[in-house]
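Examination of the molecular architecture
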Amino acid sequence: MNREIRVRFAPSPTGPLHIGGVRTALYNYLFARANGGKMILRIEDTDSQRFVPGAEDYINESLAWLGIGIDEGVREGGPYGPYKQSERKEIYRKYVDRLLADGKAYIAFDTPEELEAARAETPNFQYDASTRGRMRNSLTLPEEEVKRLIDAGERYTVRIKIEPGREVKVNDLVRGEVKVMSDILDDKVLFKSADGLPTYHLANIVDDHLMKVSHVIRGEEWLPSAPLHVLLYEALGWTDTMPEFVHLPLLLKPVGNGKLSKRDGDKLGFPVFPLEWHDPKSGEISSGYRERGYLPEAVVNFLALLGWNPGDDTELMDMDELTRKFSFDHCSKAGAKFDYQKAAWFNHEYIMRLPDEEVGRLFLPILAAKGIEGFTPEYVAKAVGMVKGRVNFIGELWDQADFFFTAPTEYAPKDVKKRWSADTPRIMGELIEVLEGIDDMTSANAEKITLDWIASKGYHLGNVMNAFRLAVVGACRGPHMFDITELMPKEEVVKRIRRAIETIPAPEAK
Ligand code: GLU
């Protein structure tokens with residue numbers, strides 16, 4: 001069957017989107033783009049109890065930051081809207097009635113207390129073919145009684161009627177055929193009269209059908225629901241248009257066993273959310289990749305490889321390349337260890353690949369926060385370009401490039417002790433004259449002239465150059481000295497050497 005590729009990312013706005021959810025969204029997006037398909041963003045907010053304000057905006061902002069584009073959704077619109085389930089209430093009701101009329105579902109009046117009592121009475125109680133005969137539902141009560149209870153406003157739910165003894169097959173593109181006996185499934189609630197809303201299961205299936213979803217790509221935690229979904233498709237007469245399923249492997253803890261949790265991130269110091277999240281209730285702030293200084297390209301690349309590979313060992317791939325290579329052939333069933341150190345490595349690599357101008361642009365807010373202004377974008381770009389190889393995050397650039405923007409106010413004592421001797425002030429005085437005599441301060445030229453002078457005087461190369469560095473940088477660190485002095489205005493260099501001569505106490509001559 002040649003079917004239009006349509007996928008959906010269907011988060012519930014119950015809190016900040018977890019990084020695992022982001023990977024799900026990314027795989028949906030890559031698959032859609034790889035196949036010329038459409039990507040839908042559907043907000044599954046039928047569980048009003050768990051609704052968290054701000055969560056929907058957070059989802060939108062996260063996807064936008066990462067460059068995961070949406071073709072149809074709440075903001076984008078589209079031919080199958082509305083794309084928010086709470087706005088589709090009337091649509092679902094029709095299918096609830098159809099399932100009831102066809103005997104595929106039934107009405108249950110059991111109160112929470114009655115369900116509690118049943119659970120207490122029967123070990124491992126499950127509402128299913130073996131127990132529904134003794135519960136209060138439309139299968140056990142006379143028709144008039146059912147009607148009377150409904151008319152009297154008694155609360156009820158609608159449950160799917162699972163027939164036992166059936167083998168249910170879920171065809172998963174990564175896992176193959178997953179078979180389950182229907183006996184182990186329970187008669188899940190599909191609809192609640194209390195709020196007139198369907199539960200996740202019904203709304204999810206109805207919408208996938210109506211929105212013509214061709215592939216359901218979601219986290220492994222939804223695999224146990226898949227047999228029920230297959231049966232629902234069947235009960236609604238939609239087997240022919242049933243989507244293909246892909247259940248993505250779990251993201252695992254970086255160390256130890258089990259599922260990645262927020263606690264792992266807190267303990268080991270990495271975020272498990274794309275953006276910083278301010279919990280509206282508790283006020284708690286959870287860190288995000290964006291605020292930690294990750295580039296969206298790096299996060300995308302890192303996440304893409306948690307559960308998929310391109311078939312070779314290529315690691316660095318931007319969104320276009322990922323799109324070209326993505327397919328489910330190289331998706332793994334096994335959980336993917338969340339190697340957060342690798343995430344930092346990716347970030348380093350992406351900083352290296354960014355043009356210096358861009359790195360400089362990202363660095364500007366940091367300068368601004370320090371009250372530093374007046375440097376041209378070209379100057380900033382060149383400065384950060386010289387040190388970007390030493391950092392994993394934009395936020396680390398300051399410690400490497402500070403001296404380009406502010407003169408040292410103190411000098412590393414260890415380096416002073418080692419490099420500043422009794423005759424250093426005099427030699428630095430000569431250095432000022434040498435530098436002042438150089439017209440062309442480009443790195444190679446200034447280096448040649450300075451080194452010639454050092455050699456002609458018979459000075460110790462290492463001592464002179466390190467004292468020079470100490471004066472300009474404040475410590476014996478930083479990029480090539482003459483690259484620094486090519487960029488920095490000569491007057492500034494000279495000023496700094498003078499200041500060092502005046503402020504670093506010269507030791508007694510030995
Ligand atoms: N609303 C579900 C979630 O929060 C969707 C699961 C699915 O994709 O079917 O993940």
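Before going into details, it helps to say that this report is about the structure given with it. Here the structure is a predicted model, which means the values were calculated and not measured.

Remarks on the sheet that holds strand 4 (residues 105–108)
The strand order 4-5-8-9 describes an open sheet built from four strands, whose pairing is antiparallel. The outermost strands of the open sheet, each flanked by one partner alone, are strand 4 and strand 9 (197–198). As paired elements, strand 8 (residues 189–192) and strand 9 share two bridges and run antiparallel to each other. Its bridge partner being in strand 9, Phe-191 is matched across the sheet by Pro-198. Contacting strand 4, strand 5 (157–160), strand 8 and strand 9, helix 3 (residues 89–101) crosses the sheet at an angle of about 105 degrees to strand 4.

Examining the pattern of salt bridges
For the structure on display, the rule yields 37 salt bridges. As a salt-bridge pair, Lys-342 and Glu-315 come within 2.6 Å of each other at their nearest N and O atoms. Here Glu-315 lies in the loop between helix 9 (296–304) and helix 10 (319–325) and Lys-342 lies in helix 11 (residues 340–353), a separation of 27 residues in the sequence. Glu-315 gets classed as partly exposed once you look at its relative accessible area, which sits at 31%. Here Lys-495 ties to Glu-492 by a salt bridge, and the two come within 3.7 Å at their closest N and O atoms. Residue Lys-495 and its partner Glu-492 are both found in helix 20 (residues 490–503); the two are separated by three residues, about one turn of the helix.

With respect to the site of the ligand
Within the structure, the ligand sits among Arg-8, Ala-10, Pro-11, Ser-12, Glu-44, Tyr-200, Asn-204, Arg-218 and Trp-222. A distance of 3.0 Å separates an oxygen atom of the ligand from a polar side-chain atom of Tyr-200. For the ligand, whose accessible area on its own is 290 Å², the fraction buried by protein is 85%. Tallied by class, the residues present in the shell around the ligand amount to four nonpolar, two polar and three charged.

Looking at the pairing of strand 5
Side-chain alternation along strand 5 places Thr-157 and Arg-159 on one buried face and Val-158 and Ile-160 on a second face that is also buried. Bridge analysis of strand 4 against strand 5 gives four bridges, and the strand direction is antiparallel. Residue Tyr-106 lies in a different strand from strand 5, and its bridge partner there is Arg-159.

Section: helix 9
Most of helix 9 is tucked away, with eight of its nine residues classed as buried. Looking at helix 9, one finds that the buried residues are Pro-296, Ala-298, Val-299, Val-300, Asn-301, Phe-302, Leu-303 and Ala-304. Here the buried face of helix 9 lies against helix 1 (19–34), helix 2 (55–66), helix 10 and helix 11.

Some words on the side chain of His-201
Within the fold, His-201 resides in helix 6 (residues 200–210). Judged by its relative accessible area of 11%, His-201 falls in the buried class. What His-201 contacts, discounting residues up to four positions off in sequence, is Lys-188, Ser-225, Leu-228, His-229 and Leu-232.

Here we look at the nonpolar core
In this structure, Phe-338, Phe-404, Phe-405, Phe-468 and Ile-497 are the most contacted members of the largest nonpolar core, which totals 113 residues. Residues Tyr-83, Val-158, Ile-160 and Met-211 belong to the second largest nonpolar core, which totals 40 residues.

Details of the environment of Asn-204
Inspection of the secondary structure puts Asn-204 in helix 6. Sequence separation between Asn-204 and Arg-175 is 29 residues, and the spatial gap between their C-alpha atoms is 21 Å. At 3.5 Å, the side chain of Asn-204 forms a polar contact with the side chain of Arg-8.

Concerning the packing of aromatic side chains
The relation between two aromatic rings is expressed through the spacing of the ring centres and the mutual angle of the planes. Using the criterion set out here, one finds 27 aromatic pairs in the structure. Centre to centre, the rings of Tyr-95 and Trp-238 are 5.3 Å apart; their planes meet at 70 degrees, and the pair counts as edge-to-face. One end of the pair, Tyr-95, is in helix 3; the other, Trp-238, is in the loop between helix 7 (226–235) and strand 11 (244–248), with 143 residues separating them in the sequence. Across the pair, exposure class does not vary: Tyr-95 and Trp-238 are buried alike. Joined through ring pairs, the aromatic side chains of Phe-270, Phe-302, Phe-338, Tyr-340, Trp-345 and Phe-346 make up one cluster. The ring of Tyr-27 carries the charged tip of Arg-23 above its face, separated from the ring centre by 5.6 Å. For Lys-342, the ring lying beneath its charged end belongs to Trp-345, and the centroid distance is 4.7 Å.

Remarks on unusual backbone geometry
The peptide bond linking Gly-81 to Pro-82 adopts the cis configuration, its omega dihedral lying at -5 degrees. Mapped onto the elements of the fold, Pro-82 is located in the loop between strand 3 (72–73) and helix 3. Of note in the backbone geometry, Asn-124 takes a positive phi value of approximately 55 degrees without being a glycine. Of note, Asn-124 is situated in the loop between helix 4 (112–121) and helix 5 (143–151). Its identity as a non-glycine residue notwithstanding, Lys-212 has a phi of 55 degrees, on the positive side. Note that Lys-212 resides in the loop between helix 6 and strand 10 (215–219).

Thresholds, definitions, all that
Residues numbered from 1 in each chain as written. Predicted model: local features only at pLDDT ≥ 70, side-chain atom pairs only at ≥ 80, totals over all residues. Heavy atoms only, no water. Pairing = 2+ DSSP bridges. Helix = DSSP H or I, 4+ residues; strand = E, 2+ residues; numbered from the N terminus. Contact = heavy atoms within 4.5 Å. Axes fitted to C-alpha atoms, helices over the stretch in contact; angles between N-to-C directions. Salt bridge = Lys/Arg side-chain N within 4 Å of Asp/Glu carboxyl O. Buried < 20%, exposed > 50% of the residue type's maximum accessible area, 1.4 Å probe, protein only. Near = heavy atom within 4 Å. Polar contact = N/O pair within 3.5 Å; in protein donor to acceptor, adjacent residues only side chain to side chain. Areas by Shrake-Rupley, 256 points an atom, 1.4 Å probe, with all protein chains shown as cover. Nonpolar A, V, L, I, M, F, W, Y, C, P; charged D, E, K, R; others polar. Core = buried A, V, L, I, M, F, W, Y, C linked by side-chain atoms within 4.5 Å. Phe/Tyr/Trp six-rings, centres within 6.5 Å; stacked < 30°, edge-to-face > 60°. Lys NZ or Arg CZ within 6 Å of the ring centre and 35° of its normal.

Everything listed is a geometric property; what it means functionally is a separate question.
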